[in-house]
Amino acid sequence: QVQLVESGGGLVQAGGSLRLSCAASGSIFSINAMGWYRQAPGKQRELVAVISSGGSTNYADSVKGRFTISRDNVNNTVYLQMNSLKPEDTAVYYCNAQGYRRPVVTRFDSWGQGTQVTVSS
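Residues numbered from 1 in each chain as written. Predicted model: local features only at pLDDT ≥ 70, side-chain atom pairs only at ≥ 80, totals over all residues. Heavy atoms only, no water.

A. Seen up close, the pairing of strand E11 (residues 115–120). Burial of the side chains of E11 is restricted to one face: Thr115, Val117 and Val119 are buried, whereas none of Gln116, Thr118 and Ser120 on the reverse face is. Relative to E11, strand E2 (residues 10–13) is paired through four bridges, and the arrangement is parallel. Paired with leucine 11 across the strands is threonine 118, a residue of E11. (Buried < 20%, exposed > 50% of the residue type's maximum accessible area, 1.4 Å probe, protein only. Helix = DSSP H or I, 4+ residues; strand = E, 2+ residues; numbered from the N terminus. Pairing = 2+ DSSP bridges.)

Shown next, in the form of structure tokens:
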């Protein structure tokens, strides 16, 4: 089992900043990609940002230049720094991690429980 625990969501005014964190724990052999997704009411879950184990990143066009994803490979933690927040960023943000668990090396694809981000206008 690999568990992901998110923190850092909340209520912020437009133009403000928030930092999300997600820590992975459990029987982890290695983690490849870690990422953040979001789901607004009535909409499908969408990719926000993803980062590989080597540090390569990819962002949704809507957040480029405002959000920054980073990770701590020693502590199996991924972060999302969100600046210049807009009301349309309001959503539940989910952490995702993909990799391999042990002792028998098998693939995992785990999700966090989600954290609410609300941006007021």
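B. Expanded view of the sheet that holds strand E3 (residues 18–26). Ordered by their spatial adjacency, four strands build an open sheet running E1-E3-E8-E7, and the pairing between neighbours is antiparallel. The open sheet terminates on both sides in strands that have one partner only, identified here as strand E1 (2–7) and strand E7 (67–72). Each adjacent strand pair in this sheet contributes to an overall mean axis angle of 15°, direction not counted. The pairing of E1 with E3 spans six bridges and is antiparallel. Each residue of the ladder has a partner; that of glutamate 6, found in E3, is cysteine 22. (Axes fitted to C-alpha atoms, helices over the stretch in contact; angles between N-to-C directions.)

C. Just the state of the cysteines, in detail. Applying the stated criterion across every chain, the model contains one disulfide. Disulfide partner of cysteine 22: cysteine 95, at an S-S distance of 2.1 Å. Across the S-S bond of cysteine 22 and cysteine 95 the torsion is about -80°, and the bridge reads as left-handed. Of this pair, cysteine 22 sits in strand E3 while cysteine 95 is found in strand E9 (residues 91–101), placing the two residues 73 residues apart along the sequence. In this structure cysteine 22 comes out as buried when scored by relative accessible area, which is 0%. The class for cysteine 95 is buried, based on a relative accessible area of 0%. (Disulfide = S-S within 2.5 Å.)

D. Layout of the environment of threonine 68. Its place among the elements puts threonine 68 in strand E7. The residues touching threonine 68, leaving out its near neighbours within four places in the chain, are Tyr59, Tyr79, Leu80 and Gln81. (Contact = heavy atoms within 4.5 Å.)

E. Just a nonpolar patch on the surface, in detail. On the surface, a cluster of nonpolar side chains totalling about 290 Å² of accessible area is made up of Phe29, Tyr100 and Val105. Relative to the helices and strands, tyrosine 100 is located in strand E9. Taking the relative accessible area as the measure of exposure, tyrosine 100 reaches 31% and is therefore partly exposed. (Patch = residues over 30% accessible without salt bridge, like charges linked within 9 Å, V, L, I, M, F, W, Y side chains within 5 Å. Areas by Shrake-Rupley, 256 points an atom, 1.4 Å probe, with all protein chains shown as cover. Salt bridge = Lys/Arg side-chain N within 4 Å of Asp/Glu carboxyl O.)

F. Structural view of the packing of aromatic side chains. Taken as a whole, this structure holds one aromatic pair when the rule is applied. Lying across the ring of tyrosine 79, arginine 19 places its NZ or CZ 4.1 Å from the centre. If you follow arginine 45 out to its NZ or CZ, it ends over the ring of tyrosine 94, 3.7 Å from the centre. (Phe/Tyr/Trp six-rings, centres within 6.5 Å; stacked < 30°, edge-to-face > 60°. Lys NZ or Arg CZ within 6 Å of the ring centre and 35° of its normal.)

G. Highlighting the nonpolar core. Within the largest apolar cluster, 30 residues are counted, with the highest numbers of intra-cluster contacts made by Trp36, Leu80, Met82 and Tyr93. Among the secondary structure elements, those contributing two or more residues to this core are E1, E3, strand E4 (28–39), strand E5 (46–51), E7, strand E8 (77–82), E9 and E11. Setting aside residues no more than four positions away along its own chain, leucine 80 makes contact with Leu18, Arg19, Leu20, Trp36, Val48, Ala49, Phe67, Thr68, Ile69 and Tyr93. (Core = buried A, V, L, I, M, F, W, Y, C linked by side-chain atoms within 4.5 Å.)

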